[in-house]
Amino acid sequence: MADNLSNGALAGSALDTKDVFRQIYHDLKKDLLQDPAFDFTPESRQWIDKMLDYNVPGGKLNRGLSVVDSYKILKGGRELTSEELFQSSALGWCIEWLQAYFLVLDDIMDNSHTRRGQPCWFRNPKVGLIATNDGIILRNHIPRILKRHFKDKPYYVDLLDLFNEVEFQTASGQLLDLITTHEGEKDLAKYTLPVYRRIVQYKTAYYSFYLPVACALLMSGGNLDNFVDVKNILVEMGTYFQVQDDFLDCFGDPEFIGKIGTDIEDFKCSWLVVQALERANDAQRTLLSENYGKTDPGCVAKVKALYKDLNLEGVFADYESESYEKLIGSIEAQPSKEVQEVLKSFLHKIYKRQK
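So, a few notes on the structure that sits alongside this text. All values reported here derive from a predicted model rather than from experimental measurement. (Residues numbered from 1 in each chain as written. Predicted model: local features only at pLDDT ≥ 70, side-chain atom pairs only at ≥ 80, totals over all residues. Heavy atoms only, no water.)

### Quick word on the overall build of the protein
A count of helical and extended segments in the protein gives 15 helices and two strands. Here the C-alpha atoms of the protein give a radius of gyration of 22 Å, agreeing with the 20 Å that 2.2 N^0.38 yields for 355 residues. By principal-axis analysis of the C-alpha atoms, the protein measures approximately 65 × 55 × 35 Å. Every one of the 355 residues in the protein was classed for burial, and the buried ones make up 49%. Across the protein, contacts joining residues at least 24 apart in sequence account for 74% of those joining residues at least 6 apart. Put simply, the protein shows about 17,500 Å² of open surface, and 50% of that area lies on carbon and sulfur atoms. Each charge class in the protein was averaged separately, 42 positive and 52 negative side chains, and the resulting centres sit 2 Å apart. (Helix = DSSP H or I, 4+ residues; strand = E, 2+ residues; numbered from the N terminus. Rg over C-alpha atoms; globule rule 2.2 N^0.38 Å. Buried < 20%, exposed > 50% of the residue type's maximum accessible area, 1.4 Å probe, protein only. Contact = heavy atoms within 4.5 Å. Areas by Shrake-Rupley, 256 points an atom, 1.4 Å probe, with all protein chains shown as cover. Lys, Arg positive; Asp, Glu negative; His and termini not counted. Charge placed at Lys NZ, Arg CZ, Asp CG, Glu CD.)

### Quick look at empty space enclosed by the protein
Counted by the stated rule, this structure contains two cavities of 30 Å³ or more. When its volume is computed, the largest cavity comes out at roughly 100 Å³. Around the largest cavity sit Y54, N55, A100, L103, V104, D107, R115, R116, Q118, P119, C120 and W121, which together line it. When contributions to the lining of the largest cavity are tallied by element, the ones reaching two or more residues are α3 (42-55), α5 (82-110) and β2 (118-119). In terms of residues, the lining of the largest cavity owes the most to one element, α5, which gives four residues. (1 Å grid on protein atoms, 1.4 Å probe; cavity = no way out; pocket = protein on both sides within 12 Å on 5 of 7 lines; lining within 4 Å. Points joined across faces, edges and corners; volume = space filled by probe spheres on them.)

### Some remarks on the packing of helix α11 (residues 271-279) against helix α14 (residues 312-332)
Two numbers describe how α11 lies on α14: the axes approach to 11 Å, and their chain directions differ by 110 degrees. In terms of axis orientation, α11 runs roughly perpendicular to α14. Relative to α14, α11 is oriented so that their crossing is right-handed. Taking contact as the criterion, the partners of W271, L272, Q275, A276 and R279 in α11 are, on α14, L312, V315, F316 and Y319. (Axes fitted to C-alpha atoms, helices over the stretch in contact; angles between N-to-C directions. Parallel < 35°, antiparallel > 145°, perpendicular 65-115°, else oblique. Left-handed = near helix turned anticlockwise from the far one by under 90°.)

The following block contains the structure:
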């Protein structure tokens, strides 16, 4: 494993962690394209090569890099050895592979058009519903990477269990989102705070917040059964992150956040609409029912005006400060200073973010 690094990723000390992380993607991809379990044809190897480059490394890489950053903090902030850097990066990439798998299939389910500034993978000529199988291949690459690089580790089985558990939680959250948002008639009565929290917790928080830290804890010799409080804090942080996302979708500056929000048009079970429903009088509820989920800009404007009338910007500001205080209190109750630092590094990356 360290050999992979010395040949590429660590050639030159000027490379920062993200550069090294990106190089390790190419090392992992090279291994997968030569996997002895499958007798590749030139055409199939070329397909997978292109499919991986299109879907795996194109995001912000925050989830994957968080494994490396968290592991470094857990090791007291010292420089990682080449093997530690490779292994923490490989686990980070497993999360990015998991993300790619979810997004490829999610885009098909939602009939989406663009992802990360380019057409969704299934929208490409010659791809279409082959993308469904590509999603399955992406998912199957994760245990291939784990087997190749972690089979001799005492925490190997725990890693397999962790990825299986989080995938199940995320897929179940996606199911809840799909049947709540898309099934049958549009019915705002289904949109309540407990429903919203459950969707967010399972669909987003486990794989985006808990999984990177859990990987770092396993690598550093931790037993995840001893970190249930840490899991709960990270899931709460993931919920807070999604609430921010929902708020920015409506009130953020599209120039700054890099996209135009469409939660109102898409009839999303957004934190804002849930809060509006809790506060609205009968006339305001009627206005919401008549205008939410419509693509007409006039309808969208009416919903946004109602959000302002209900002072949801103020409600969000209160929620944000209360969440921060509660999270800081929970974090500082953790016995390990290193674990506290990991959790605070996550929180400070997202607190009062603008995009």
